[in-house]
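One letter stands for each residue in the lines below.
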Amino acid sequence: MLLQKDDNGTAIQALRPGPVQRLILWATAQATLPAAKDRIVRLYATADCHLAVGISATATSNATTLPAGTVEYFSQSKDTRVSVIAPASGGTLEITEML
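Residues numbered from 1 in each chain as written. Predicted model: local features only at pLDDT ≥ 70, side-chain atom pairs only at ≥ 80, totals over all residues. Heavy atoms only, no water.

### Quick word on the sheet that holds strand S6 (residues 71–76)
Link 1 in the chain: Here we have 4 strands laid out as an open sheet, ordered S1-S8-S3-S6, and antiparallel in their pairing. Strands at the two margins of the open sheet, each flanked by one partner only, are strand S1 (17–24) and S6. Ignoring strand direction, the axes of neighbouring strands in this sheet form an average angle of 25 degrees. (Pairing = 2+ DSSP bridges. Helix = DSSP H or I, 4+ residues; strand = E, 2+ residues; numbered from the N terminus. Axes fitted to C-alpha atoms, helices over the stretch in contact; angles between N-to-C directions.)

### Focus on the sheet that holds strand S2 (residues 30–32)
Link 1 in the chain: Pairing within the open sheet is antiparallel, and its 4 strands lie in the order S2-S7-S4-S5. Either end of the sheet is taken by a strand with one partner, and the two such strands are S2 and strand S5 (64–66). The average angle at which neighbouring strand axes cross in this sheet is 35 degrees, direction not considered.
Link 2 in the chain: As paired elements, strand S4 (residues 49–54) and S5 share 3 bridges and run antiparallel to each other. Residue pairing for S5: His-50 is matched across the bridge by Thr-65.

### Digging into the side chain of Thr-80
Link 1 in the chain: Mapped onto the elements, Thr-80 comes out in the loop between S6 and strand S7 (81–85).
Link 2 in the chain: For Thr-80, a relative accessible area of 7% gives the class buried.
Link 3 in the chain: At 2.9 Å, the side chain of Thr-80 and the backbone oxygen of Ser-77 are in polar contact.
Link 4 in the chain: Discounting residues that sit within four places of it in the chain, Thr-80 has contacts with Leu-33, Pro-34, Val-53, Gly-54 and Ile-55. (Buried < 20%, exposed > 50% of the residue type's maximum accessible area, 1.4 Å probe, protein only. Polar contact = N/O pair within 3.5 Å; in protein donor to acceptor, adjacent residues only side chain to side chain. Contact = heavy atoms within 4.5 Å.)

### With respect to the nonpolar core
Across soluble globular proteins, nonpolar side chains have a tendency to be buried as a group.
Link 1 in the chain: Core analysis: the biggest nonpolar cluster contains 14 residues, and Leu-25, Leu-43, Cys-49, Leu-66, Val-84, Leu-93 and Ile-95 have the highest contact counts within it.
Link 2 in the chain: With 3 residues, strand S3 (residues 39–45) is the largest single contributor of residues to this core.
Link 3 in the chain: What Leu-93 contacts, discounting residues up to four positions off in sequence, is Gln-21, Arg-22, Leu-23, Leu-25, Leu-43, Tyr-44, Ala-45, Leu-66, Val-82 and Val-84. (Core = buried A, V, L, I, M, F, W, Y, C linked by side-chain atoms within 4.5 Å.)

### Details of the environment of Asp-79
Link 1 in the chain: Locating Asp-79 in the fold gives a position in the loop between S6 and S7.
Link 2 in the chain: Taking the relative accessible area as the measure of exposure, Asp-79 reaches 39% and is therefore partly exposed.
Link 3 in the chain: For the pair Asp-79 and Ile-55, spaced 24 residues apart in sequence, the C-alpha to C-alpha distance is 5.7 Å.

### Quick notes on the side chain of Thr-92
Link 1 in the chain: By secondary structure assignment, the location of Thr-92 is in strand S8 (residues 92–98).
Link 2 in the chain: Residue classification places Thr-92 among the buried positions, given a relative accessible area of 17%.
Link 3 in the chain: Non-local contacts of Thr-92, meaning those with residues more than four positions away in its chain, are made with Arg-22, Leu-23, Ile-24, Leu-25, Tyr-44, Ala-45 and Thr-46.

Written out as C-alpha cells, the structure reads:
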C-alpha cells in the first residue's frame, strides 16, 4: 500500500476506516478475531470496559482499561484477537480495520 504524498513529496501517514465489527459489552469476557491481518485496528467503546489484545488474549477486570468515548489504535498480526469485558452489561466495542 502506497501512502499519499503532500505538496512537498512527503508521505502522509494516515489511514482510512474500513470494515467494522461490533461487540456488545457484557460482564463476561468475549473475544473476536478482527478481519484485518497485519494491520492497524481502531477500538472505540461506548461504555467503560477492559480489553486484552493478543493471540490467546482473555480480558479480565485487571486488563487495560478503555474508558467510554475513548479511541485506541493497536497493531494486529495474524491470529491476534481482541477480548473485552465490562463492569456491567450494556454498551458496544467497535473494532474498525484501518486501511
